[in-house]
Amino acid sequence: MKLRLYHHPDGARVAYRETGTGPALVLLHSALLSHREFEPIVEPLADRYRVVLPDLPLHGDSEDRPRHPYTLDWLAEVIAAFCTETAGPRPLVGGHDLGAQILLRALELRLLAPGRLVLMPNPLHRPAPREKWRTAARLGAVPGLGRALTHVARAAYRPERGVKLSVNAEPAARDLLRHAFADVGGNVNLARSWARFAKRWPAGPRRELLDLYPHLDFPVLLLWADADRRHPLQAAEEALDLLPDGQLRVLSDTGFLMAYDDAVGVARELAAFCG
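None of these values were measured; they are calculated from a predicted model.

> Please provide a residue-by-residue account of the packing of aromatic side chains, values included.
Inspection of every chain in the model, using the stated rule, returns six aromatic pairs. Note on Y16 and F82: the rings are 5.1 Å apart at their centroids and 75° apart in plane angle, and the pair reads as edge-to-face. Residue Y16 is found in strand β2 (residues 13–19), and its partner F82 is found in helix α2 (residues 72–87); the two are separated by 66 residues along the sequence. Relative to F197, the ring of W194 lies with its centre 5.1 Å away and its plane at 85°, an arrangement referred to as edge-to-face. Here F197 and W194 lie together in helix α8 (residues 188–200), a separation of three residues that amounts to about one turn. A relative accessible area of 11% places W194 in the buried class. Taken together, the ring pairs connect Y6, Y16 and F82 into an aromatic cluster. Above the ring of F273, the side-chain terminus of R116 is found at 5.3 Å from the ring centroid. Cation over ring: R161 sits above Y157, and NZ or CZ is 4.2 Å from the ring centre.

> Could you give an account of the packing of α2 against helix α3 (residues 98–108), with specific residues and numbers?
For any two helices packed against each other, the geometry is given by the interaxial angle and the distance between the axes. One way to put it is that α2 packs onto α3 with a least axis distance of 8 Å and a crossing angle of 85°. On the basis of their axis angle, the class for α2 and α3 is roughly perpendicular. Contacts between α2 and α3 pair L72, D73, L75, A76, I79 and A80 from the former with Q101, I102, R105 and A106 from the latter. Of the residues in the contact of α2 with α3, the class split is seven nonpolar, one polar and two charged.

> Just give me the short version of the sheet that holds strand β1 (residues 2–7), but keep the residues and values in it.
Taken in spatial order, the eight strands of this open sheet run β1-β2-β4-β3-β5-β6-β7-β8, and their pairing is mixed. The strands lining the two open edges of the sheet, one partner per strand, are β1 and β8 (246–251). Averaged over neighbouring strand pairs, the angle between their axes works out to 20° when direction is ignored. Note: strand β6 (residues 116–119) against strand β7 (residues 220–225), three bridges, orientation parallel. Its bridge partner lying in β7, L119 is registered against L222. Where α3 meets the sheet, its contacts fall on β3 (24–28), β5 (92–95) and β6, and the angle it forms with β5 comes to roughly 130°.

> Quick one: what's the story with the pairing of strand β4 (residues 50–54), residue by residue and with numbers?
Among the five residues that make up β4, four are buried, leaving the element largely enclosed by the rest of the structure. Two elements, β2 and β4, share four bridges in a ladder whose sense is antiparallel. Bridge pairing in β4 links E18 to V52. Here three bridges tie β3 to β4, and the two strands are oriented parallel to one another. Bridge pairing in β4 links V26 to V52.

> Provide a residue-level description of unusual backbone geometry, including the pertinent values.
The backbone phi angle of L124 is positive, close to 55°, even though this residue is not glycine. Secondary-structure assignment places L124 in the loop between β6 and α4 (132–137). Judged by its relative accessible area of 3%, L124 is buried.

> Quick rundown of the pattern of salt bridges? Include the residues and the values.
Inspection of every chain in the model, using the stated rule, returns 16 salt bridges. Between E39 and R36 there is a salt bridge, and its shortest N-O distance comes to 3.9 Å. Residue E39 is classed as partly exposed on the basis of its relative accessible area of 33%. Overall, R36 belongs to the partly exposed group, its relative accessible area being 28%. When the shortest N-O distance is used, the salt bridge between R249 and E269 registers 3.0 Å. Here R249, found in strand β8, pairs with E269, found in helix α12 (residues 263–274); they are 20 residues apart in sequence, far enough to count as distant. Judged by its relative accessible area of 7%, E269 is buried.

Rules of the game
Residues numbered from 1 in each chain as written. Predicted model: local features only at pLDDT ≥ 70, side-chain atom pairs only at ≥ 80, totals over all residues. Heavy atoms only, no water. Phe/Tyr/Trp six-rings, centres within 6.5 Å; stacked < 30°, edge-to-face > 60°. Helix = DSSP H or I, 4+ residues; strand = E, 2+ residues; numbered from the N terminus. Buried < 20%, exposed > 50% of the residue type's maximum accessible area, 1.4 Å probe, protein only. Lys NZ or Arg CZ within 6 Å of the ring centre and 35° of its normal. Axes fitted to C-alpha atoms, helices over the stretch in contact; angles between N-to-C directions. Parallel < 35°, antiparallel > 145°, perpendicular 65-115°, else oblique. Contact = heavy atoms within 4.5 Å. Nonpolar A, V, L, I, M, F, W, Y, C, P; charged D, E, K, R; others polar. Pairing = 2+ DSSP bridges. Salt bridge = Lys/Arg side-chain N within 4 Å of Asp/Glu carboxyl O.

Below, the structure is given as structure tokens:
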């Protein structure tokens, strides 16, 4: 895959990889990971689409300098502009976890008008699962703690933890975690930026999304995992009832890392939906 850079007007950079031919399909990864979350499905999709895989700000090779606000609204603005720049005014877009939450906020702010939207497991309008890393990340703003915190984070998210995110204990998930945290240790700027992000992330469920769903006048696919305890199926079923042109597909024997648990199934569903 070719490495490219998108430069936002405020100076933020988004690193992304792309490969394949055809209409662009942008896929946004989950929190703490990188574009490699979707690597298992690149090959079966690249014959039909130009697959575009960015690293979200604060992740991978993308923006991590503490000069930016790292609010949800800012992330939505940057990613919406990125999607339009790389995939056109009516892009095919999908997101998992944090990536999906950013897309939903971009839609609320009317910054994005996708041709089709894929939402993979995320909290939607329900309370997000409690995550200790968000609390710990706030400490990155404390003078003298940032550097130590980055080394603790790298130790806590060892490659073996990636296997636990896969229902099938997929060995390749080790490399996913290894890559995601390869440059974290000692990165004080990243610690400060993550502290800003954690402090400013919205608290509580985003119930306002219940008002958004009926206004999404384009096809929406809810592509869910049947064994992801972090994001239960019930939230997707509730959203489906409010979507004018929605469909729900559930992949069996898949957990948080859907693309690692069933690469063929994820690629199949994406291709069938995106056309």
